[in-house]
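# Tertiary structure, described
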Amino acid sequence: MRRWLRVVLIFLGVIVVVLGAAIFLAARHLSTLAEWALERAMPGVTASVQSASVTLPSQLNFQNLVLKSRTSGETLLTLNGGSANFDFSGLRHRQIREIRLVEPVISLSPRFGEAFLPPSSRAPEAPGATVGRPWSVGQLVCDYGILRVLQFGANDLALQAKFACDFQNFSPTGAPEAEHELVLWDLSASKGASPNFLTLDLVRATFKFASLLEKQTISKISLEGGTLIVGQSLRELFAPAPTTSPGPSKASPPWMVQTLDIAQVNVRIDDERPEITDITFALNTTLQKIPLSQTASALGAEDQIVEITNLDILSPHDPLTKVLTLEHIYFHFTLAGIIKRQIADLTLKGPTIHVGPDLFWYMENIQKRLGISSAPTDASDPTGRGWTIERLFVAEGKVVIGSGGRRKYGIPLEFYTKAQDVALDNLAALKLEAALEIPPEHYVFDSYQLEFTSEKGGTLKFSYPPEKGEKNLVGDITLTKIRWRQYQASDAFVSVTFSKEGINGLFGGSLYRGKAGGGFSFFFDAASPWIGWLYGNAIDLRRLTDIVSPQNFRMTGPITFTLQMDAQGKTFERILGKIKIPQPGKLTITKLDAFLDDLPPRWTMLKRDSTRIALETLRDFEYDSGTGNFWFVRSQGIFRLQLQGPQGLRSFDVVLHSDDSPQGQWKKRSANP
Amino acid sequence: MEKTLRQSLTFFATLALLSGCAAPTVNLATSDPIKVDIAMRLDVYQYGQKTDQAAGAAAPASTTTDPKIRRDNRMADIQDFKNNRLIGEGKDGLLVIQEAATEETPDRRDYVRIAVVEENADRMAQMKADAEKDKVSLPEVQSRTAELWRNRSFKNEWIEVPTAKGEWKWIQKEG
């Protein structure tokens, strides 16, 4: 008995020693044990744990955990630290009560899912067998972690986010299927070392673990807030992949998203033109049942409409000077189109072109900045293409003329246009291939006492003619009627060229049975100087004099004239001209009739009769031809007219004085030679 | 007595004879119509056209303190000189007397010279003020002023223009 007792004691002692040794060994090689356990739990991986320790009674702590794919050797997960709570009865059923990750920094491979897949070589397990069955986790908790995904895919995509999770019944294989939610925030994505092209404020991913592993299906992804920058990175990501030689496909089954909900994600267009960079719009959409790989294309196909109001494009030299004001801009596009720099519809309502030197400086500046060349871009290279608009509509456009200073002259002209497939790199330089059309209209310029009616309308063209590479704006308009003060012309046209130096115009039309025309040059200067010239051919003098001085004199016959003027703003500084009356006519100074009727009755008969004869001789004069010239400076100058007729020569010099000062030699001289 | 009677009868007989004859025709008309050449000069004075001009008009151009008024008062004379091709717009924004002025009378030449000197002094003062205001150099202001004058000149007026070689030459502006 005693011997048996001794044997039992020795046996127990040995068992205790063995157990103690085992516990000692296990404690010494806990990390190895942890690696073994993890590999059992996740058959698709090899695990390495730098250190592990047990906190009694049932907590396993570990540091620097690395999981690698058993098949490819690729690192699937690195974990700085964490702990697992268990109980021994649970372990018997391959269950871990809780895994808690404390402020982990997880570098995650996109092939992480392989960790939970059985090796393909492994034989199928018998139903109900526990051996080889993956472990289940009662709760997986992380309050705050950092997730990094680096070098994802061929595009070297990098993701970084903070995350939190509280997965209950985290069981890969067994029921019940619980819905889990992974919350990420401060998510950013970049391509390699490039700046972030995507930042998201908050992402919620809802999934069932079994569906995730077996069907590669995510129940719902919600994206809230953030910015998507449509620029070079995105274009490269969505560029067509280079064709490779056909070979065995190792494509994995497509990941599916049941619902993708996007709210208030701002999309910004990355472009060197600041006025385009400023264009942002919010993306709000919900997509259903789409493959994850096609999310972008599905999202890209969604129609988007953006309205921008009161966008001012300012001068490169003067931030207070506008070159273009866009009252309303309506963009209609798809995200996929934006990535390809294509806009489906662009409507500009109420744009104002501020014509002045700054406009042309702006055009030059943009061209230099972007290095726009006339050479066609390579259509096969989407990243090298310029922006295009499939359909462009401009309505209620206005033109404002700047004078070099801050003074502006609005022209009550409206323009509109419709165009298709417009190259937008030219729009930035205000070079539309299509002309802006000026609709038929009745225009009134009150301050200039000018009005005209156009029944055919006209056009406004930038950089015209295009073959000369001019930087200008050319406006042509056909006028049915034109009136300046009391003068009226018909069948007229006006062609105006706006350039950096100024505004040059030509006009012409029918005037009182003859033809008249002229031109003007408006220089961009603070004082608004301009010059003009005018000619008339075979103008009916009778109708002209009836308008000029209906109560004083009348002349008949056709007149030809030329006239030059030099002005500042609305003030004529100098006028100089010549007239010619090539055919016979008659001069009647009707004003003298009043003198004839009012001859003083106290005069002698002889004096009255001789005066009457003299005045009547002067009043009526028939001429064969006539010439004249005139010049005026401000409100002084000389008008000289010589009429040659059968009854002799009539020579009139009218000297206009602004004062009665005797100063000025010109007053003593006749008109110009 | 008889002699006296005979003389009386002879007189009355002659008178009776003459009274029976037609009176002679005297033609006062000319073969061409009468031509009357009339030259008339009408001086029109306009008062109260412009306040500043009126203010300066009472004083000679050279004695008015405001250079703008002085220039306004001088403007017609300057135009008269330009019309007669006596002066031109130079490359430095100033007026330059042309060769044609040498053909004028000494009095007229003097008048042109003095007017041009005074006009240039006023222009230079204005250009210095512009340079000060715009904070740019005087030559730059002169250059852009000259360009503006060139642009604003009338056909056939003298202007000094740059050549392709970077030199300057005088031309009469083309239309």
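All values reported here derive from a predicted model rather than from experimental measurement.

## Details of the overall build of chain A
What chain A contains, in helices and strands, is 13 helices and 35 strands. Within chain A, the proportion of its 673 residues that are buried is 26%. The contacts in chain A between residues at least 6 apart in sequence include a share of 54% that link residues at least 24 apart.

## A closer look at the overall build of chain B
A count of helices and strands for chain B gives 5 helices and 5 strands. In sequence order, the secondary structure elements of chain B are arranged as α-β-α-α-β-β-α-α-β-β. By the burial criterion, 25% of the 175 residues in chain B qualify as buried. Sequence separation of at least 24 residues holds for 40% of the intrachain contacts in chain B that already meet a minimum separation of 6.

## A few points about the sheet that holds strand S5 (residues 168-172) of chain B
Residue and element names in this part refer to chain B. An order of S3-S2-S4-S5 is seen for the 4 strands of this open sheet, with the pairing classed as mixed. Across the chains shown, the open sheet's two edge strands, defined by having one partner strand only, are strand S3 (95-97) and S5. The sheet shows a mean angle of 35° between the axes of neighbouring strands, direction not considered. Examined bridge by bridge, strand S2 (residues 87-89) and strand S4 (residues 158-162) share 2 bridges and lie parallel to one another.

## Looking at the pairing of strand S29 (residues 558-568) of chain A
All names here are of chain A. Both strand S27 (residues 529-540) and S29 contribute to a ladder of 10 bridges, which runs antiparallel. Bridged to Ile539 within S29 is Ile559. As judged from the 9 bridges shared by S29 and strand S30 (residues 571-581), these two strands associate in the antiparallel manner. The residue bridging Met565 from the neighbouring strand is Ile575, located in S30.

## Focus: unusual backbone geometry
The backbone phi angle of Arg485 of chain A is positive, close to 50°, even though this residue is not glycine. Position of Arg485 of chain A among the secondary structure elements: in the loop between strand S23 (472-484) and strand S24 (487-499). Exposure remark for Arg485 of chain A: the 9 C-beta atoms within 10 Å place this residue in the exposed category. Notably, Lys135 of chain B is not glycine yet its phi reads approximately 55°, a positive angle. By the element assignment, Lys135 of chain B lies in the loop between helix H4 (106-134) and helix H5 (138-152).

## Details of the sheet that holds strand S32 (residues 620-623) of chain A
All names here are of chain A. Pairing in this open sheet of 3 strands is antiparallel, and the strands run S28-S31-S32 from one edge to the other. The open sheet has two edge strands, strand S28 (554-555) and S32, and neither has a second partner. Here 4 bridges tie strand S31 (residues 585-588) to S32, and the two strands are oriented antiparallel to one another. Residue pairing for S32: Gly585 is matched across the bridge by Tyr623.

## Thoughts on the confidence of the model for chain A
All names here are of chain A. Per-residue confidence for chain A gives a mean pLDDT of 77; residues scoring 70 or more make up 80%. A low-confidence stretch, residues 121-131 stays under pLDDT 50, and its non-local contacts, those more than four residues away or across chains, total 4 contacts. Of the regions scoring below 50 in pLDDT, residues 244-250 engages in 0 contacts with residues more than four places distant in sequence or in other chains.

## A short note on the interface of chain B and chain A
Facing 34 residues of chain B, the contacting portion of chain A comprises 40 residues. As paired elements, strand S35 (residues 648-657) of chain A and strand S1 (residues 38-45) of chain B share 8 bridges and run parallel to each other. Residue Leu656 of chain A lies in a different strand from S1 of chain B, and its bridge partner there is Val44 of chain B.

## Some remarks on the packing of helix H3 (residues 67-83) of chain B against H4 of chain B
All names here are of chain B. Remark: H3 packs on H4, axes separated minimally by 10 Å, with the N-to-C direction vectors making an angle of 135°. The angle between H3 and H4 falls in the class oblique. For the crossing formed where H3 meets H4, the hand is left-handed. Facing H3, whose interface residues are Pro67, Arg70, Arg71, Arg74, Asp77, Ile78 and Phe81, H4 presents Val112, Ala115, Glu118, Glu119, Asp122, Ala125 and Gln126. Its residues assigned to classes, the contact of H3 with H4 comprises 6 nonpolar, 1 polar and 7 charged.

## A few points about the pairing of strand S1 (residues 45-55) of chain A
Strand direction decides the pairing type here: S1 of chain A and strand S2 (residues 59-69) of chain A, joined by 10 bridges, are antiparallel. Note that in S2 of chain A the partner of Val54 of chain A across the bridge is Leu60 of chain A.

## Some words on the nonpolar core
Residue and element names in this part refer to chain A. Val355, Leu359, Leu479, Ala492, Val494, Ile539 and Ile559 are the most contacted members of the largest nonpolar core, which has 90 residues in total. Both of domain 1 (304-373 + 386-526) and domain 2 (543-673) provide at least three residues apiece to this core. Among residues more than four places away in sequence, those in contact with Leu359 are Val323, Ile353 and His354. Grouped together as the second largest cluster of nonpolar side chains are 19 residues, Ala47, Val49, Ala52 and Leu60 included.

## Here's the deal with the packing of H4 of chain B against H5 of chain B
Residues and elements named next belong to chain B. At a closest axis distance of 9 Å, the pairing of H4 and H5 adopts a crossing angle of 120°. The interaxial crossing formed by H4 with H5 has right-handed handedness. When H4 is examined against H5, the residues Met127, Lys128, Asp130 and Ala131 are found in contact with a partner set consisting of Leu138, Val141, Gln142 and Thr145. The residue inventory of the contact of H4 with H5, partitioned by class, reads 4 nonpolar, 2 polar and 2 charged.

About the thresholds
Residues numbered from 1 in each chain as written. Chains lettered and ligands numbered in written order. Predicted model: local features only at pLDDT ≥ 70, side-chain atom pairs only at ≥ 80, totals over all residues. Helix = DSSP H or I, 4+ residues; strand = E, 2+ residues; numbered from the N terminus. Buried ≥ 20, exposed ≤ 12 C-beta atoms within 10 Å, placed from the backbone. Contact = placed C-beta atoms within 7 Å. Pairing = 2+ DSSP bridges. Axes fitted to C-alpha atoms, helices over the stretch in contact; angles between N-to-C directions. pLDDT = per-residue confidence, 0-100. Parallel < 35°, antiparallel > 145°, perpendicular 65-115°, else oblique. Left-handed = near helix turned anticlockwise from the far one by under 90°. Nonpolar A, V, L, I, M, F, W, Y, C, P; charged D, E, K, R; others polar. Core = buried A, V, L, I, M, F, W, Y, C linked by C-beta atoms within 7 Å. Domains from an automatic or database assignment.

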